[in-house]
Amino acid sequence: MPGNVDHFEKAMNQGHNAAWDQDWRRAGSWYFQAVEEFPENNKALTSLALAMYEQQEYAEALKYYQRAAQNDPGDGVSMERVGELQETLGSLDQAIEAYLASAEIFIRSKDIPKALKQWQHVIQLKPDHLMAHSRLALVYERLGHKKEAVAEYLVVAGIIQHHGDMQKAAQAVTHALQVLPESP
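Residues numbered from 1 in each chain as written. Predicted model: local features only at pLDDT ≥ 70, side-chain atom pairs only at ≥ 80, totals over all residues. Heavy atoms only, no water.

(A) Main features of the packing of aromatic side chains. Taken as a whole, this structure holds two aromatic pairs when the rule is applied. Between Phe 8 and Phe 38, the aromatic rings sit 5.1 Å apart at their centres with planes inclined by 85°, giving edge-to-face as the arrangement. Of the two residues, Phe 8 sits in helix H1 (residues 5–20) while Phe 38 sits in the loop between helix H2 (24–37) and helix H3 (42–54), which places them 30 residues apart along the sequence. Of the residues examined, Phe 38 reaches a relative accessible area of 22% and is grouped as partly exposed. (Phe/Tyr/Trp six-rings, centres within 6.5 Å; stacked < 30°, edge-to-face > 60°. Helix = DSSP H or I, 4+ residues; strand = E, 2+ residues; numbered from the N terminus. Buried < 20%, exposed > 50% of the residue type's maximum accessible area, 1.4 Å probe, protein only.)

Right, dumping it as structure tokens:
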């Protein structure tokens, strides 16, 4: 059964007014009412999530950002927020998964700087993350950032070598040489 549109709009407007005043508890209360009316509305979900975040209710904020990301698989920002909250809550493996997912969403929507930022953050959390380094190498190469691409391919080769696959490591180094033949 559809919710009450008038009540939803009033709740959203009141929530926005309270958020503008930095009254996050009141904003959260209004946004919660909006979500009650239309549980799948992403604007209401992300607004409520932000209000919870601002009140340092990180587990609650995570829950609403996860719902928003699930409702709209193309919402890279909500998925990025899921990663940030997972990281804040100490769930680094889940944070890394969320950051990788958000990077893929951003790259599909051609928001390359945001995708690069997500992969770089994954590497900060886990320096030997093969997929993040591989994706960075590929995107840098496609952007024509040859030095950055070569550096990432060499890291990829090192990670692969560390895992004992010398043939694939050599392939990564060979590819790096193809990207920038004059590189020392």
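Next comes the rest of the description.
(B) Expanded view of the side chain of Gln 118. Among the secondary structure elements, Gln 118 is positioned in helix H7 (residues 112–125). Here Gln 118 is in contact with Glu 80, Tyr 99, Ser 102, Ala 103 and Phe 106, once residues within four sequence places are set aside. (Contact = heavy atoms within 4.5 Å.)

(C) Spatial organisation of the pattern of salt bridges. As enumerated under the stated definition, the model contains eight salt bridges in all. Of the charged contacts, one joins Asp 21 and Arg 26 as a salt bridge, the two residues approaching to 3.7 Å between their closest N and O atoms. The closest approach of N and O atoms between Lys 63 and Glu 60, which form a salt bridge, is 3.2 Å. Placement of the pair is Lys 63 and Glu 60 together in helix H4 (residues 58–71), with a separation of three residues, close to one helical turn. Given the relative accessible area of 36%, Lys 63 is considered partly exposed. Relative accessible area serves as the criterion here: at 30%, Glu 60 is assigned to the partly exposed category. Within the structure, one salt-bridge network assembled from shared partners comprises Glu 80, Arg 81, Glu 84 and Lys 117. (Salt bridge = Lys/Arg side-chain N within 4 Å of Asp/Glu carboxyl O.)

(D) Quick look at the environment of Tyr 140. Structurally, the position occupied by Tyr 140 is in helix H8 (residues 130–143). It is 9.8 Å that separates the C-alpha atoms of Tyr 140 and Ala 151, two residues lying 11 residues apart in sequence.

(E) Structural context of helix H10 (residues 166–179). Helix length check: H10, at 14 residues, gives a terminal C-alpha distance of 20 Å against a target of 20 Å (1.5 Å per residue), a fit within 8%. Among the residues of H10, those classed as buried are Ala 169, Ala 172, Ala 176 and Val 179. The arc that holds every buried residue of H10, seen down its axis, measures 80°, which confines them to one face. Every exposed residue of H10 that faces more than 90 degrees away from the buried side is listed here: Gln 167 and Gln 178. (Expected span 1.5 Å × (residues − 1). Arc of directions from axis to C-beta.)

(F) Looking closely at helix H5 (residues 76–88). Compared with an ideal rise of 1.5 Å per residue, which puts 13 residues at 18 Å, H5 spans 18 Å between its outermost C-alpha atoms and is within 8% of the ideal. The inward-facing, buried residues of H5 contact H3, H4, helix H6 (92–108) and H7. Capping the start of H5 is the job of one residue whose side-chain oxygen sits 3.3 Å from the backbone nitrogen of Val 77: Asp 75. In the stretch just after H5, Gly 90 is the one whose phi turns positive, near 90°. (Polar contact = N/O pair within 3.5 Å; in protein donor to acceptor, adjacent residues only side chain to side chain.)

(G) Quick look at the side chain of His 129. Relative to the assigned elements, His 129 resides in the loop between H7 and H8. Among the polar contacts listed, one links the side chain of His 129 to the backbone nitrogen of Ala 132, at a separation of 3.2 Å. Not counting residues within four places of it along the chain, the set of residues in contact with His 129 comprises Ile 96, Leu 100, Val 122 and Ile 159.

In short, the description is geometric, and any link to function would need to be established separately.
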